[in-house]
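Listed here are the chains, written in short residue letters.
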Amino acid sequence: MNDKGVFPLDKFNDIETPFYYYDTALLRKTLRAINNETGKYDNFLVHYAIKANANPKLLRLINEAGLGVDCVSGGEIQAALNAGFSADKIVFAGVGKSDKEINLGLDSDILCFNVESIPELEVINELAERKGKVANVAFRINPDVGAHTHANITTGLAENKFGISMTDMEGIIMKAKEMANVRFVGLHFHIGSQILEMDDFLALCNRVNELQDKLESKGIAVENINVGGGLGIDYHNPNGAPIPNFKAYFETYANNLKLRKGQILHFELGRSVVGQCGSLITKVLYVKQGAVKKFAIVDAGFTDLIRPALYQAYHKIENISNEDALDTYDVVGPICESSDVFAKDYQLNVCQRGDILALRSAGAYGEIMASQYNCRQLPKGYVTEDL
Ligand SMILES: *Cc1c(COP(=O)(O)O)cnc(C)c1O
């Protein structure tokens, strides 16, 4: 427990809890690490998966670092545009794009639609025709590659709802080539999230090579390859491993994915960009001794951070107010649901009413997934410069 993050505790005392705190120095360092690695290759392009966190203050820094954006809804396209990202750096994926969302993409002249079915392709072609436009389309192929991660965040298996099956790949490309208002520009993949084993990405490389060979033998050229995101972060060690292993990640692709001449390799990283820079800051309301357990009841709940309830996710928790001896707690929120538990049998420096706890590694899929269940307020997000 002496391994704690460094926080401006004196400033935290003046802010209403719970709230998200983002360490912008760490975000900048993370973005530099990404650019350092991709800079080694002249054809690697990173899009930030905005669904991980759309806080405008973070988006500004990500835009400044030169990344593009990967969106999965019209709202995300709008958030990216509002944050100043240029439309020609926006790609739009999603298994169920509405007409309104497609029209927003067309009106904004986004870089590419990552298309997930033939009916969707037909709708994009039709809506583009009405506007007299030609939409760039890439096809999201389901590569039937498993990933060593939680079942709810595996997306690249044949049984998952995402993408077009490999057997339908050629058919949809040929169909697109016959349509006047779409232009086939590439293949898209995304196998899941919080992936720490490079072998999973290697398996994707091998699959992409196979599919490219197959298309090449039929005389079909592919301009771009997009391999999605999914690189994980070390939730158990946010202080020791604040920056994900981008070197190993990009090297895996550089060494194993056989790009054709002129091809650009697109990445869509979310969690690994923003995960470690964010913490959920919460106050201990009560310490309650139950029949068999001691509870630290905090003012944040799963409405503020749903990952533990949704995916049984682990977040390191630190009592940043106190250096006293350790005690064991179930750290729970105030929501009227039994799943509103952040950690069970967790060792913390002794907790008292008013102590401030930090739930670490909460920058990705935290603030953005907040809800108002129980008529609660949405948590605010502050960056270092706000305090
Ligand atoms: C969620 C998502 C990503 C980002 O995943 P991370 O694990 O956060 O890197 C990338 N691409 C698509 C299509 C996604 O749905």
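Look up a bit, the structure's there.
Now for a look at the structure at hand. (Residues numbered from 1 in each chain as written. Predicted model: local features only at pLDDT ≥ 70, side-chain atom pairs only at ≥ 80, totals over all residues. Heavy atoms only, no water.)

### Quick word on the overall build of the protein chain
Alright, step 1. Counting secondary structure elements, the protein chain contains eleven helices and 17 strands.
Alright, step 2. For 387 residues, the compact-globule formula gives about 21 Å, and the C-alpha radius of gyration of the protein chain, at 22 Å, lands near that figure.
Alright, step 3. C-alpha atoms of the protein chain, sized along the principal axes, occupy 70 × 40 × 40 Å.
Alright, step 4. For the protein chain, the residues scored as buried account for 55% of the 387 residues in total.
Alright, step 5. In the protein chain, the share of contacts with a sequence separation of at least 24, taken over all contacts with a separation of at least 6, comes to 73%.
Alright, step 6. Just so you have it, the protein chain exposes about 16,300 Å², and 49% of that area is on carbon and sulfur atoms.
Alright, step 7. Both charge centroids of the protein chain, one from 39 positive and one from 49 negative side chains, sit 2 Å from each other. (Helix = DSSP H or I, 4+ residues; strand = E, 2+ residues; numbered from the N terminus. Rg over C-alpha atoms; globule rule 2.2 N^0.38 Å. Buried < 20%, exposed > 50% of the residue type's maximum accessible area, 1.4 Å probe, protein only. Contact = heavy atoms within 4.5 Å. Areas by Shrake-Rupley, 256 points an atom, 1.4 Å probe, with all protein chains shown as cover. Lys, Arg positive; Asp, Glu negative; His and termini not counted. Charge placed at Lys NZ, Arg CZ, Asp CG, Glu CD.)

### Considerations on the side chain of Asp70
Alright, step 1. Mapping Asp70 onto the fold places it in strand 3 (residues 68-71).
Alright, step 2. Among buried Asp, Glu, Lys and Arg side chains, Asp70 stands out as unpaired, with Lys51 the closest opposite charge at 5.4 Å.
Alright, step 3. If we skip the residues at most four places from it in the chain, Asp70 touches His47, Tyr48, Ala49, Ile50, Glu76, Val91, Ala93 and Glu268. (Salt bridge = Lys/Arg side-chain N within 4 Å of Asp/Glu carboxyl O.)

### A short note on the site of the ligand
Alright, step 1. Every one of the 14 residues lining the ligand counts as a neighbour, but Lys51, Ser193, Glu268, Arg271 and Tyr365 are closest to it.
Alright, step 2. A distance of 2.9 Å is found between an oxygen atom of the ligand and a backbone nitrogen or oxygen belonging to Gly230.
Alright, step 3. Contacts to the ligand include Arg271, whose backbone N or O atom sits 2.8 Å from an oxygen atom.
Alright, step 4. Coverage of the ligand by the protein chains reaches 95% of its 390 Å² of free accessible surface.
Alright, step 5. A per-class count over the shell around the ligand returns three nonpolar, six polar and five charged. (Near = heavy atom within 4 Å. Polar contact = N/O pair within 3.5 Å; in protein donor to acceptor, adjacent residues only side chain to side chain. Nonpolar A, V, L, I, M, F, W, Y, C, P; charged D, E, K, R; others polar.)

### Describing helix 5 (residues 99-108)
Alright, step 1. Turning to helix 5, its buried residues number three or more, namely Glu101, Ile102, Gly105, Leu106 and Ser108.
Alright, step 2. Each element contacted by the buried residues of helix 5 is listed here: helix 4 (74-82), strand 4 (90-92), strand 5 (112-115), helix 6 (118-130) and strand 6 (135-142).
Alright, step 3. Taken from the residues just after helix 5, Asp109 is the one with a positive phi, measuring 55 degrees.

### Some words on the nonpolar core
Alright, step 1. With 98 residues, the main nonpolar core has Phe113, Phe139, Leu187, Phe250 and Tyr253 as its most contacted residues.
Alright, step 2. Top element by residues in this core is helix 8 (residues 198-217). It accounts for seven residues.
Alright, step 3. Once residues lying within four places of it in the same chain are set aside, the contact partners of Phe113 are Phe92, Lys97, Ile102, Gly105, Leu106, Ile124, Ala135, Asn136, Val137 and Ala138.
Alright, step 4. The next biggest cluster of nonpolar side chains, apart from the first, holds nine residues, and it includes Phe7, Phe12, Ile15 and Ile320. (Core = buried A, V, L, I, M, F, W, Y, C linked by side-chain atoms within 4.5 Å.)

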